[in-house]
Amino acid sequence: MEKPMNAALDMMRIDNPMGRTMASSRIYDDLRQRILSLELPPGTALTRAELAREYEVSQTPLRDAMQKLDQDGLIRIYPQSRTLVTRINMERIGEALFLRQALESEVGAKLAAAPDPETLAKLRTVIALQKDVAPHADQLRRFQELDEYFHFLMFEAVGHTNLHALLRSRTGDLDRVRRLQTHSDGRLNGIIDGHERIVAAIEEGDAELAVHEIRTHTHKPTGWADEFRNRHKDYFA
């Protein structure tokens, strides 16, 4: 047992290329969720030295994570100056909604064309986990992570995780506005219900219905974000 354990620890060392990648991914995922949840609101200044101490890493994996967040448009790095969490851009929200509906509709249609029991079981497991955490206010972040994982599983099932990564990199502003919404029990249950309807349509092999349920689930009316911009003007560009 000792050798495999030592090998695993060696792999996680920051000076090991794979360990550095793992550390960078961990930091990226955590910082991204903190930004999307508005724990780090728009305009927040990020200090590399403080973050390196917080995550107990060297500057290298932290730099890699922050460069990826910069590419996603969630932070802006000003060389030799400062790093700030970006303000929400309304134009990018519209683009993200269009891209999400276009990609997820195609994914849903493909899944319904050949329903896979294993994929359906995975999706239902995520739904069950969401039901478990939904009643607990302190588990909202976990609920949101499960929400994202549900949609990732659909992309994974059709062999397009790269497209999910593309979508993820383009929806930061959309996700931040969604976090400004009031997360009542009714709203969370509505999200779960949408997931159940998507799974049911896929299981029935009804591609048209699957696309309909995905579009209904992801639909936002024109101007839906305006009320949040009016309430939180400092958060928007």
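Attention here is on the structure that accompanies the text. (Residues numbered from 1 in each chain as written. Predicted model: local features only at pLDDT ≥ 70, side-chain atom pairs only at ≥ 80, totals over all residues. Heavy atoms only, no water.)

In this section: the packing of helix 5 (residues 90–113) against helix 11 (residues 207–218). Direction vectors running N to C along helix 5 and helix 11 enclose 150°, while the axes themselves pass 8 Å from each other. Between helix 5 and helix 11, the angle falls in the class roughly antiparallel. Here helix 5 and helix 11 pass one another in a crossing that is right-handed. Contact residues: Leu97, Arg100, Gln101, Glu104, Ser105, Gly108, Ala109 and Ala112 in helix 5; Ala207, Ala210, Val211, Ile214, Arg215 and Thr218 in helix 11. When its residues are assigned to classes, the contact of helix 5 with helix 11 shows 7 nonpolar, 4 polar and 3 charged. (Axes fitted to C-alpha atoms, helices over the stretch in contact; angles between N-to-C directions. Helix = DSSP H or I, 4+ residues; strand = E, 2+ residues; numbered from the N terminus. Parallel < 35°, antiparallel > 145°, perpendicular 65-115°, else oblique. Left-handed = near helix turned anticlockwise from the far one by under 90°. Contact = heavy atoms within 4.5 Å. Nonpolar A, V, L, I, M, F, W, Y, C, P; charged D, E, K, R; others polar.)

What follows deals with unusual backbone geometry. Of note, the phi angle at glutamate 56 is positive, near 55°, even though the residue is not glycine. Residue placement: glutamate 56 occurs in the loop between helix 3 (48–55) and helix 4 (59–71). Positive phi is not limited to glycine here, since glutamine 80 has a value of about 60°. Counting through the fold element by element, glutamine 80 comes out in the loop between strand 2 (75–78) and strand 3 (82–85). Its relative accessible area of 85% is what places glutamine 80 among the exposed residues. (Buried < 20%, exposed > 50% of the residue type's maximum accessible area, 1.4 Å probe, protein only.)

The next thing to look at is the packing of helix 6 (residues 117–133) against helix 7 (residues 140–157). Packed helices, taken two at a time, are described by their axes: the angle between them and the distance between them. Look at helix 6 against helix 7: their axes get within 9 Å of each other, and the N-to-C directions meet at 175°. With respect to their mutual orientation, helix 6 and helix 7 come out roughly antiparallel. Two secondary-structure elements touch here, helix 6 through Thr119, Lys122, Leu123, Val126, Ile127, Leu129, Gln130 and Val133 and helix 7 through Arg142, Phe143, Leu146, Asp147, Tyr149, Phe150, Leu153, Met154, Glu156 and Ala157. Here the residues of the contact of helix 6 with helix 7 are counted per class, giving 12 nonpolar, 2 polar and 4 charged.

Interpretation in functional terms is not warranted from these geometric data alone.
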